[in-house]
Structures are given as structure tokens and as C-alpha cells.
Amino acid sequence: SSRPGAVSLPEVLRADEQRTELSLSFAHMAEVDAAATRALARGFPPNLQKLQLSFTGCQHVNDQALWELAQGLPSGLHVLSLDFLACRTITDDGIKHLADGFPAQLTKLTLHFDECSITSNGLKALAERLPKSVRDFHGTFRNTTID
């Protein structure tokens, strides 16, 4: 980081090669947007197997943010839980971006897209892109067009 004494979360996480599980909540943080998501995704610990992230109520988390997140998902991830409750600018395109980045070894997936701008097309795209390794899937889509 550029400021003396400042700590960069992505840098700290990336250096934590022993970490296999990570759980973070960014709920209701107005600062979280596609750029912040990109920085976070680039900093995921390389040996992560279980990842849980909450972006509940993050008004600037959109389709681009999901694309950025998908680009950084570690290939060894087995368990993924993502909460996008009330991220109203997420659309079907965001689900497609995210699903395109799912690691091939994923076995358990939990997604919350309640109150997002999702249609049956997004759900269909998700189903088509789920890795065959997923054995346990839980998704919520309350207060969307596929409620």
C-alpha cells in the first residue's frame, strides 16, 4: 500500500498461504463496488477451499462486480457461499458472469439473490453453468421475478 503503516486487506490475504477457509461480510458498505470486488478477488488466499462472502445491501455491487469476483475464485474451492441480498443492480448477466467462474471442483454452493433484478433467464443460465461436481446447492431468489 502507498501510505506508511497502512495495511492492504488483499495483500494480507494473498500472503496467507496456509488459510483454507475465509468468511467476510461487507454488508451495507456503500464503498463496495466493482473496483473493491476486483481488489478482494485478486487477494484471495491461493489455497482457499471454503469461501463465504456477504454483500447484503451493497448498492454498488452490480454485474461488473460479479464478473470481477468470478475472475478471482480460487481453483481449489470446494465450498462457496455468496449473499447478494438486496443488491438490486445485479441482473441475469451478473449471474452468468459469476457462474462462468465457478471452480470445477466445487461441491457445495449457496447463493442468495433475494431482491435482485433476476429473471428465469438468469436461473436457467446458472443451471447450465453449474459444475457437475456440485452435490449440494441452495439458492434463494425471493422478491425477484422468479420468486
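The structure this text deals with has already been given above.
Every value quoted in this text rests on a predicted model; they were computed, and no experiment measured them.

Looking now at unusual backbone geometry. Phi at His28 is positive, roughly 60°, even though this residue is not glycine. Here His28 shows up in the loop between strand S1 (21–25) and helix H2 (34–42).

Strand order in the open sheet made by the 5 strands is S1-S2-S3-S4-S5, with parallel pairing throughout. One side of each edge strand has no neighbouring strand; the edge strands of this open sheet are S1 and strand S5 (136–140). Mean inter-strand twist for the sheet, computed between neighbouring axes without regard to direction, equals 0°. Summarising the sheet, strand S4 (residues 108–112) and S5 pair through 5 bridges and their orientation is parallel.

Each regular strand carries side chains that alternate between the two faces of the sheet. Across the 5 residues of strand S3 (residues 79–83), 4 count as buried, placing the element largely inside the fold. For strand S2 (residues 50–54) and S3, the ladder comprises 5 bridges, and the chain directions are parallel. Each residue of the ladder has a partner; that of Leu51, found in S3, is Leu80. The parallel pair S2 and S3, bridged by helix H3 (residues 63–72), forms a crossover whose chirality is right-handed. With 5 bridges connecting them, S3 and S4 associate as parallel partners. Its bridge partner lying in S4, Ser81 is registered against Thr110. Assessed by its sense of winding, the connection that carries the chain from S3 through helix H4 (residues 92–100) to S4 is right-handed.

Each aromatic ring pair is described using two quantities: the centre-to-centre distance and the angle formed by the ring planes. In total, this model carries 4 aromatic pairs according to the counting rule given. Ring geometry for Phe84 and Phe113: centres 5.3 Å apart, planes at 20°, overall stacked. Of this pair, Phe84 sits in the loop between S3 and H4 while Phe113 sits in the loop between S4 and helix H5 (120–129), and the two are 29 residues apart along the sequence. With respect to class, Phe84 is no different from Phe113; both count as buried. Ring centres of Phe113 and Phe141 lie 6.0 Å apart, and the angle between their planes is 15°; on these two criteria the pair is classed as stacked. Residue Phe113 is located in the loop between S4 and H5, and its partner Phe141 is located in the segment after S5; the two are separated by 28 residues in the primary sequence. Given the relative accessible area of 11%, Phe141 is considered buried. By way of ring pairs, the aromatic residues Phe26, Phe55, Phe84, Phe113 and Phe141 are connected into one cluster.

Moving on: the pairing of S1. With 5 bridges joining them, S1 and S2 adopt parallel strand pairing. Among the inter-strand pairings, Leu24 is bridged to a residue of S2, identified as Leu53. Traced from S1 through H2 to S2, the parallel crossover comes out right-handed.

Conventions and cut-offs
- Residues numbered from 1 in each chain as written.
- Predicted model: local features only at pLDDT ≥ 70, side-chain atom pairs only at ≥ 80, totals over all residues.
- Heavy atoms only, no water.
- Helix = DSSP H or I, 4+ residues; strand = E, 2+ residues; numbered from the N terminus.
- Pairing = 2+ DSSP bridges.
- Axes fitted to C-alpha atoms, helices over the stretch in contact; angles between N-to-C directions.
- Buried < 20%, exposed > 50% of the residue type's maximum accessible area, 1.4 Å probe, protein only.
- Right-handed = clockwise from strand over helix to strand, strands pointing away.
- Phe/Tyr/Trp six-rings, centres within 6.5 Å; stacked < 30°, edge-to-face > 60°.

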